[in-house]
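Residue-level structural notes
What follows is the residue order along each chain.
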Amino acid sequence: MPDPRLLRAFLAVAEELHFTRAAARLYVAQQALSRDVRRLERELGAELFVRTTRQVTLTADGERLVPHARRALAAQDDLLAAFGQARPLLVDVNSPGLGTGRRVLGRARELAPDHELMARYESGLTGAAAELLAGRLDASFGRFTGLDPALRAGLEQQPVRLEPMAVLLPEDHPLTGLHQVPLAALAGETVYAGAGNPRTPEWTDLAHQLFEGRGIEVAAPAPLAVGHEEFQRIMSKTRTPVLVVVDFPAMPGSVLRPLIHPVPLSPVSLVWRRGLVHPGLDALRRAAAELAGREEWLRSPPDGWIPASDKVTMRLHN
């Protein structure tokens, strides 16, 4: 069997169809990646890619190798995990400033100090789900019910938190005088909830369900901002209230106010690829259960709001 390193190099190029991006993904030099691919081609006696100055495409042999390479690497991961020699677990915590995923990851590192759990920032469960299914990411956090059923079929989930939601207001907005903002006070407002962002449609759907019948509009798509600074810049230009969660990081020029009457809750699950075996995942699941129990993360307030479909996912009773 070829060296697993060579198979990982091949899969990275096969999925990116770009040697520079594949090398960045694997944290290796492009020359080293090209060398590994050529070595694999020699060992198999087959050309795997057609390379031109403009593009990289898979040959018929390359297409045929992709599913075999994925199965071989999955088997190796399972074997190493069984003997405590697992590769790093790649964990998406959405963004550096959000608390739920970060806290679970931090506790999991304490529970499994001999294993490497690496943070990633995909900024949306729909975007992360594709990476999970492709094996480029191992775990993420978000609203599982909001995923397309075809994505959910290849994933597993564990309820973690019912996270209270809030609104981020321009600092001179009239509602900043309230310590908490009743949903009824947002009637007539247009609120940004990620519309048009292909990585976060599950969040926009949650906003539509929350705002329905309350006279609140979901704002039209804004330019897609990558990173906290760019998001802050775009929001300061549009001056639109933003639907967020209560632990959303502070932004200059804005004021965060919890929403009440009812208290809208964002359902957060730990999500991973179906069949994944890894000691780091075990630690992550233990950490999520421990924090959820200690912090009462899955307890809904008396006037808590959550879509009926999410109650099933979050194992809540009416």
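Report follows, based on the coordinates. (Residues numbered from 1 in each chain as written. Predicted model: local features only at pLDDT ≥ 70, side-chain atom pairs only at ≥ 80, totals over all residues. Heavy atoms only, no water.)

Re the overall build of the protein chain
Rules: Helix numbering and strand numbering both begin at the N terminus, where a helix is a DSSP run of H or I of at least 4 residues and a strand a DSSP run of E of at least 2. Each residue is assigned to one of three classes by its accessible area relative to the maximum for its type, calculated with a 1.4 Å probe on protein chains only: buried under 20%, partly exposed between the two thresholds, exposed over 50%. Between two residues, a contact is recorded if the distance between any of their heavy atoms is within 4.5 Å. With residues, only the protein chains shown are counted as cover, and all accessible areas are computed by Shrake-Rupley using a 1.4 Å probe.
Scanning the protein chain from N- to C-terminus turns up 11 helices and 13 strands. Along the first, second and third principal axes, the C-alpha atoms of the protein chain reach 70 × 45 × 30 Å. Counting all 318 residues of the protein chain, 47% fall into the buried class. Contacts spanning at least 24 positions in sequence make up 74% of the contacts within the protein chain whose residues lie at least 6 apart. Carbon and sulfur atoms provide 53% of the accessible area of the protein chain, an area that totals close to 15,800 Å².

Here's the deal with the nonpolar core
The nonpolar side chains of a soluble globular protein tend to be buried with one another. So the rule is basically this: We define a nonpolar core as any set of buried Ala, Val, Leu, Ile, Met, Phe, Trp, Tyr and Cys residues linked to one another through side-chain atoms lying within 4.5 Å.
Grouped together as the largest cluster of nonpolar side chains are 24 residues, with contacts concentrated most on Leu-89, Val-91, Val-104, Leu-105, Phe-141, Leu-270 and Leu-284. Listed by contribution, the elements that provide at least two residues to this core are β3 (89-92), α5 (99-111), β4 (117-120), β5 (139-142), β12 (263-273) and α10 (279-295). It is α10 that contributes the most residues to this core, seven residues altogether. Non-local contacts of Leu-105, meaning those with residues more than four positions away in its chain, are made with Val-91, Val-93, Leu-117, Ala-119 and Leu-284. Core analysis: the next-biggest nonpolar cluster, separate from the first, contains 22 residues, Leu-7, Ala-9, Val-13 and Leu-40 among them.

Some details on the packing of α5 against α10
Filter applied, for reference: Every axis in this analysis is a line fitted to C-alpha atoms, fitted for helices over the stretch in contact. Angles between the N-to-C directions lie between 0 and 180 degrees. Between 65 and 115 degrees an angle is taken as roughly perpendicular, under 35 as roughly parallel, over 145 as roughly antiparallel, and anywhere else as oblique. The crossing is said to be left-handed when, going from far helix to near helix, the turn is anticlockwise and less than a right angle, and right-handed when the turn is clockwise.
Orientation of α5 relative to α10, taken along the N-to-C sense of each, is 120°, at an axis distance of 8 Å. Between α5 and α10, the angle is such that the two are oblique. Where α5 crosses over α10, the two elements pack in a sense that is right-handed. Taking contact as the criterion, the partners of Arg-103, Val-104, Leu-105, Arg-107, Ala-108 and Leu-111 in α5 are, on α10, Ala-283, Leu-284, Arg-286, Ala-287, Ala-288, Glu-290, Leu-291, Arg-294 and Glu-295.

Thoughts on the pairing of β5
Stated precisely, the cut-off is as follows: When DSSP locates at least two bridges between a pair of strands, those strands are taken to pair.
The two faces of β5 match: Ala-139 and Phe-141 on one face and Ser-140 and Gly-142 on the other face are all buried. Judged from the four bridges that link them, β5 and β12 form a sheet pairing that is antiparallel. Paired with Ser-140 across the two strands is Val-271, which belongs to β12.

Description of the pattern of salt bridges
Convention followed: Salt bridges, as used here, are contacts in which a Lys or Arg side-chain nitrogen is within 4 Å of a carboxyl oxygen on Asp or Glu.
Here the structure, examined in full by the defined rule, presents 19 salt bridges. Between Arg-107 and Glu-110 there is a salt bridge, and its shortest N-O distance comes to 2.8 Å. Of this pair, Arg-107 and Glu-110 are both found in helix α5, three residues apart, which corresponds to roughly one turn of the helix. Of the residues examined, Arg-107 reaches a relative accessible area of 23% and is grouped as partly exposed. The partner of Asp-138 in a salt bridge is Arg-273, with the nearest N and O atoms 3.4 Å apart. Of this pair, Asp-138 sits in the loop between α6 (125-134) and β5 while Arg-273 sits in strand β12; the two residues are 135 residues apart in sequence, bridging distant segments of the chain. Each member of the pair Asp-138 and Arg-273 is classed as buried.

Regarding the packing of aromatic side chains
Each aromatic ring pair is specified by the distance between its two centres and by the angle formed by the two planes. Our working definition: Each Phe, Tyr or Trp ring, with Trp reduced to its six-membered ring, pairs with another whose centre is within 6.5 Å; inter-plane angles below 30 degrees give stacked pairs, above 60 give edge-to-face pairs, and intermediate values give tilted ones.
As enumerated under the stated definition, the model contains two aromatic pairs in all. Between Phe-10 and Phe-49 the ring centres are 5.5 Å apart and the planes differ by 45°, which places this aromatic pair in the tilted class. One end of the pair, Phe-10, is in helix α1 (residues 4-16); the other, Phe-49, is in strand β1 (residues 49-51), and 39 residues separate them in sequence. Residues Phe-10 and Phe-49 agree in their burial class; the two are buried.

A look at helix α3 (residues 30-44)
Note the threshold: Expected span, for any helix, means 1.5 Å times one less than how many residues it has. The reported arc concerns the directions from the helix axis to the C-beta atoms and nothing else.
For α3, spanning 15 residues, the distance from its first C-alpha to its last is 21 Å, which sits close to the expected 21 Å at 1.5 Å a residue. Those residues of α3 that sit buried are Leu-33, Ser-34, Asp-36, Val-37, Leu-40 and Glu-41. Viewed end-on, α3 has its buried residues packed into an arc of 160°, placing them on one side of the element. More than 90 degrees from the buried face of α3, the exposed residues found are Gln-31 and Arg-42. Just downstream of α3, Gly-45 is the residue with a positive phi angle, here 65°.

Digging into unusual backbone geometry
Glycine aside, the phi torsion of most residues is negative, and most peptide linkages are trans. Residue His-261 is joined to Pro-262 through a cis peptide bond whose omega torsion reads -5°. Despite not being glycine, Leu-17 has its phi angle at roughly 50°, a positive value. Structurally, the position occupied by Leu-17 is in the loop between α1 and α2 (19-26). As for its placement among the helices and strands, His-261 is situated in the loop between β11 (254-260) and β12. When its relative accessible area of 55% is taken as the criterion, His-261 is described as exposed.

Some remarks on the packing of α1 against α3
Note the cut-off: When residue character is reported, Ala, Val, Leu, Ile, Met, Phe, Trp, Tyr, Cys and Pro are called nonpolar, Asp, Glu, Lys and Arg charged, and the others, Gly included, polar.
Running from N to C, α1 and α3 point in directions that differ by 110°, and their axes come no closer than 9 Å. It follows that α1 is roughly perpendicular to α3 by the angle criterion. Contacts between α1 and α3 involve Arg-5, Leu-6, Leu-7, Ala-9, Phe-10 and Val-13 from the first element and Leu-33, Asp-36, Val-37, Arg-39, Leu-40 and Glu-43 from the second. Its residues placed into classes, the contact of α1 with α3 shows eight nonpolar, no polar and four charged.

None of the figures reported here should be taken as evidence of function without further support.
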